[in-house]
Amino acid sequence: MTSPNSASRLHVVIPARYGSTRLPAKPLIELAGVPMIVRVYRRVREALGADTQIIVATDDSRIATVLADRGIPSLITDVQHQSGTDRTAEVARRLGWHPNDIVINVQGDEPLIPPALLKEFVNFCANDPALRMGTIASHVTERAHLHDPNVVKVVLNARGDAALFSRSAVPHFRDLAPDQWPLSGFLRHIGIYAYRRDVIDTLTREPVCVLEQSEKLEQLRAIWLGIPIRVMTWAEAPPHGVDTWDDVQRVTDHLLANSEGSS
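Please read all numbers here as calculations on a predicted model, not as lab measurements. (Residues numbered from 1 in each chain as written. Predicted model: local features only at pLDDT ≥ 70, side-chain atom pairs only at ≥ 80, totals over all residues. Heavy atoms only, no water.)

> Break down the pattern of salt bridges for me, with residues and values.
A full pass over the atoms with the stated rule returns 12 salt bridges. D128 serves as the salt-bridge partner of R230, at 2.8 Å between the closest nitrogen and oxygen. Placement of R230 in strand β11 (residues 229-234) and of D128 in the loop between α4 (115-126) and β7 (133-139) is noted, with a sequence separation of 102 residues between them. The exposure class assigned to R230 is partly exposed, which follows from its relative accessible area of 26%. In this structure, D201 engages R197 in a salt bridge whose closest nitrogen and oxygen atoms are separated by 3.2 Å. Taken as a pair, D201 and R197 lie in helix α5 (residues 197-205) at a separation of 4 residues, close to a single helical turn. R197 carries the same exposure label as D201, and that label is buried. Among the charged side chains, a salt-bridge network with shared partners connects D128, R159, D161 and R230. (Salt bridge = Lys/Arg side-chain N within 4 Å of Asp/Glu carboxyl O. Helix = DSSP H or I, 4+ residues; strand = E, 2+ residues; numbered from the N terminus. Buried < 20%, exposed > 50% of the residue type's maximum accessible area, 1.4 Å probe, protein only.)

> Account for α4, naming residues and giving values.
Helix length check: α4, at 12 residues, gives a terminal C-alpha distance of 17 Å against a target of 16 Å (1.5 Å per residue), a fit within 8%. Listing the buried residues of α4 in full gives P115, L117, L118, F121, V122, C125 and A126. In a view along the axis of α4, the buried residues occupy a sector of 155°, so they form one face of it. Turning to α4, the residues buried within the fold contact β1 (10-16), α1 (36-48), β6 (102-106), β7, β10 (187-196) and β11. (Expected span 1.5 Å × (residues − 1). Arc of directions from axis to C-beta. Contact = heavy atoms within 4.5 Å.)

> Can you break down empty space enclosed by the protein residue by residue, with the values?
Applying the stated criterion to the full structure yields 2 cavities of 30 Å³ or more. The space that makes up the largest cavity amounts to roughly 90 Å³. Taken together, S83, T85, D86, M133, Y193, Y195, L203, T204, E212, E218, Q219 and R221 form the lining of the largest cavity. Among the elements of the structure, α3 (84-94), β10 and α5 are those that each provide at least two residues to the lining of the largest cavity. (1 Å grid on protein atoms, 1.4 Å probe; cavity = no way out; pocket = protein on both sides within 12 Å on 5 of 7 lines; lining within 4 Å. Points joined across faces, edges and corners; volume = space filled by probe spheres on them.)

> Quick one: what's the story with the layout of surface pockets, residue by residue and with numbers?
One number sums up the size of the largest pocket: a volume of about 1700 Å³. What lines the largest pocket is a set of 50 residues, among which Q107, D109, R167, E218 and D243 lie closest to the centre. Mapped by element, the contributors of at least two residues to the lining of the largest pocket are β1, α3, β10 and α6 (210-215). Sort the elements by how many residues they give to the lining of the largest pocket and β10 lands first, with 7 residues. Along the lines of polarity and charge, the residues of the lining of the largest pocket split into 18 nonpolar, 18 polar and 14 charged. What lines the second largest pocket is simply R22, H145, D148, N150, V151, R188, P238, P239, H240, D243, T244 and D247. Class assignment of the residues belonging to the lining of the second largest pocket gives a composition of 3 nonpolar, 4 polar and 5 charged. (Nonpolar A, V, L, I, M, F, W, Y, C, P; charged D, E, K, R; others polar.)

> An account of the pairing of strand β8 (residues 153-156) is needed here, citing residue identities and associated values.
Pairing between β8 and strand β9 (residues 162-166): 4 bridges, direction antiparallel. Along β9, the bridge assignment pairs K153 with S166. The pairing of β8 with β10 spans 2 bridges and is antiparallel. Residue pairing for β10: K153 is matched across the bridge by R188. (Pairing = 2+ DSSP bridges.)

Interpretation note: all reported values are geometric properties and have no functional meaning in isolation.
Below you can see the structure in the form of C-alpha cells.
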C-alpha cells in the first residue's frame, strides 16, 4: 500500500518478544488452537491486504519457526532490545526502508484488534503529509479505568497532538470530587503507533528520558524531544490485549463464541 506521497510507502512491524514475566513464551500461547502472534498477523493482513508489507520482529528462533511454518515473514532481531520501537528500528534499517516511509507498529499481544480500526488509522496517517508520528485514543467509558495504571490516559493539545501520556488520571478536575469527574473529559491511549522511518531512527538513538523512566511509557520520549504525535480518536476502545492468564481465557472464550477457532 502506498500513501498519496509517491515517495512514501507503508510497512507494518509486529514486535514479538519471547520472554515475559507474567506469560512465558507469550507470543506462542495458543488462543483457541492458534498461536497468539499468528492471530495478530492475520488480523493485520485482513485489514490491510496482500499488498502491504507486514513482518514480525522477534528475538527467538522458536517464534520464527512457528511463523515460517505458516508462511508468515519474520526477522530475528537483537535479544537486547528494550522496546518494540527498538526492534522495529532494526527491521527498518536492515530492510533499507526510505526515511519518509510510514512504519506502523502493532503490538504482538493484540489478537482482537479490529481490522476497521487499522484501516482507518492507515488512512489517517497516509493523508497527512506533515505526520511525523501518530497513535490512537478513545474515550474512557469505565470509571475504574481512570485510576487503573494499565489504562494509559492521553491529553491532547489544540492541534490534536498528544500533550501528555500518563498512567494517572489526567487531566485532574480540581473543583470536583474524583467520583464526579466526567468520563467524557478523559481519553485512553490505544497502543498502536505510526512513525516516519527517520523518526524511529531519532527515537532509538536517544537515551531514556526522565518522564519515560518515571511512567514506563516509551512514547513520552517523543514528547520530551518535541516530536509531535498526531492522535486519531476512535469511537470505541478495542478489546484489551493479552497480559495475564485471565486475558488468555477471555480472548479464547471470545474467539470460540465467534467461530474463530483453530485453523
